[in-house]
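# Topology and contacts: notes
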Amino acid sequence: MKNSVPQDSGLNGDDASSSSEHAETAGKDSAVHEQVFLKLRDLIISGQLSPGETLSVRGIAKTFDVSTMPARDAIRRLAAAGAIEFNDTRRIKVARIDR
């Protein structure tokens, strides 16, 4: 049976422009992820988000007008840096940081 995907659909991987479009989209996505991370980090460092303050993925996404993926990525990165912690009920809280 021959490939049933139309040749001009871009879904079969043969279209060179689809890979360049994907790279451009990936670049934009990583820029958005980085911006959310940096803004959230700055809010924590500046004290605008207080230690112990509860955060949510949806709240962060809404605040920065992004999808939940950049918000989740920022939380993951900030948790790895010790700026955010999870309590025993998996709630996300701003950690106490030394300045």
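The coordinates are above.
Residues numbered from 1 in each chain as written. Predicted model: local features only at pLDDT ≥ 70, side-chain atom pairs only at ≥ 80, totals over all residues. Heavy atoms only, no water.

## Some points on the overall build of the protein
Keep this limit in mind: For the purposes of this entry, the term helix denotes a DSSP run of H or I that reaches at least four residues, the term strand denotes a run of E that reaches at least two, and both are numbered from the N terminus. For the exposure calls, accessible area comes from a 1.4 Å probe over protein chains only, and a residue counts as buried if that area is under 20% of its type's maximum, exposed if over 50%, partly exposed in between. The contact criterion used is simple: two residues touch if any of their non-hydrogen atoms lie within 4.5 Å.
The helix and strand inventory of the protein stands at 3 helices and 3 strands. Going from the N terminus to the C terminus, the protein shows its helices and strands as α-β-α-α-β-β. Each of the 99 residues in the protein was classed as buried or not, and the buried ones make up 24%. Restricting the contact set of the protein to residue pairs at least 6 apart, pairs at least 24 apart contribute 54%.

## Description of unusual backbone geometry
The phi angle at D65 is positive, at roughly 55°, despite the residue not being glycine. As for its position among the elements, D65 is in the loop between α2 (57–64) and α3 (68–80). Overall, D65 belongs to the exposed group, its relative accessible area being 71%. We note that R90 has phi near 65°; this positive angle belongs to a residue other than glycine. Looking at the element boundaries, R90 is found in the loop between β2 (84–86) and β3 (92–94). The exposed category is assigned to R90, whose relative accessible area is 61%.

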